[in-house]
Amino acid sequence: HGITSVGLSTLDYSEAADFTVPVHYTKNILENVFSNNIKKGTCLNVNFPKITLDEIKGIKVCRQAKSSWVESFDKRTDPHGREYYWLTGKFHNHEPEATDTDDWALRNNYVSIVPVEADLTAYTQIEALKHFEE
């Protein structure tokens, strides 16, 4: 809908997750979003590593790593004895040597910010496909 937005995530998946780092950085990030004329429709994907505040080296604005999730399902039983499946998986970085990605930033104790847009057009291929036009 053309709204600038921010998604915030932490790599701490436990129920007792420590939100000290996200709380410390979120106000500054949001103030910068509103004061710096970020293009409408951009979403900032912000991720916080699972470390203490004094271990954070800073913020890196970077690109999303070329990666994939290999999904699996964990069969479980709810308190009423009914079976259900919990989606799990493992993250695979296909370019672990790259130093300009969100995965690198997080592995190296930085908060990562990736500006994301929803336009999936392969602009580099438009000219190559012009021969289809009549």
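Remember, it's a predicted structure, so these values are computed and weren't measured experimentally.

Conventions we followed
Residues numbered from 1 in each chain as written. Predicted model: local features only at pLDDT ≥ 70, side-chain atom pairs only at ≥ 80, totals over all residues. Heavy atoms only, no water. Helix = DSSP H or I, 4+ residues; strand = E, 2+ residues; numbered from the N terminus. Rg over C-alpha atoms; globule rule 2.2 N^0.38 Å. Buried < 20%, exposed > 50% of the residue type's maximum accessible area, 1.4 Å probe, protein only. Pairing = 2+ DSSP bridges. Axes fitted to C-alpha atoms, helices over the stretch in contact; angles between N-to-C directions. Contact = heavy atoms within 4.5 Å. Right-handed = clockwise from strand over helix to strand, strands pointing away. Phe/Tyr/Trp six-rings, centres within 6.5 Å; stacked < 30°, edge-to-face > 60°. Core = buried A, V, L, I, M, F, W, Y, C linked by side-chain atoms within 4.5 Å.

Caption draft 1: Structural context of the overall build of the protein chain. Scanning the protein chain for helices and strands turns up two helices and six strands. Moving toward the C terminus, one meets the helices and strands of the protein chain in the order β-α-β-β-β-β-α-β. Its C-alpha radius of gyration of 19 Å places the protein chain more than 25% over the 14 Å reference for a compact globule of 134 residues. Along the first, second and third principal axes, the C-alpha atoms of the protein chain reach 65 × 40 × 35 Å. Put simply, the protein chain has 134 residues, and 25% of those count as buried.

Caption draft 2: View of the sheet that holds strand β6 (residues 110-116). Pairing within the open sheet is mixed, and its four strands lie in the order β1-β2-β6-β3. Each end of this open sheet is capped by a strand with a single partner; those strands are β1 (5-10) and β3 (58-61). In this sheet, adjacent strand axes meet at a mean angle of 20° when their direction is disregarded. The sheet contacts of helix α1 (residues 20-35) involve β1, β2 (43-48), β3 and β6, and relative to β2 the element is tilted by about 160°.

Caption draft 3: Quick peek at the pairing of β2. The pairing of β1 with β2 spans six bridges and is classified as parallel. Residue pairing across strands places Leu8 opposite Val46, the latter belonging to β2. Once you follow β1 into α1 and on to β2, the crossover reads as left-handed. The sheet contact formed by β2 and β6 spans five bridges and is antiparallel. The residue bridging Cys43 from the neighbouring strand is Val116, located in β6.

Caption draft 4: Region of the structure containing the packing of aromatic side chains. Going through the model one piece at a time under the given rule, you end up with two aromatic pairs. Measuring from centroid to centroid gives 5.9 Å for Trp104 and Tyr110, while their planes differ by 20°, and the two rings are stacked. The class of Tyr110 is buried, set by a relative accessible area of 16%.

Caption draft 5: The arrangement of the nonpolar core in detail. Val21, Tyr25, Ile29, Val33, Leu44, Val46, Phe48, Ile56, Val111 and Ile113 form the largest nonpolar core, which has ten residues in total. Of all the secondary-structure elements, those providing two or more residues to this core are α1, β2 and β6. A total of four residues in this core trace back to one element, the largest contributor, which is α1. Beyond its immediate stretch of four places on either side in the chain, Phe48 contacts Leu8, Ser9, Thr10, Leu11, Val21, Pro22, Tyr25, Thr26, Ile29, Leu106 and Val111.

Caption draft 6: Quick look at unusual backbone geometry. Residue Asn37 is not a glycine yet carries a positive backbone phi of 50°. With respect to the secondary-structure elements, Asn37 resides in the loop between α1 and β2. Judged by its relative accessible area of 73%, Asn37 is exposed. The backbone phi angle of Asn109 is positive, close to 70°, even though this residue is not glycine. With respect to the secondary-structure elements, Asn109 resides in the loop between α2 (102-107) and β6. Judged by relative accessible area, which is 24%, Asn109 ranks as partly exposed.

These results come straight from atomic positions and should not be treated as a statement about function.
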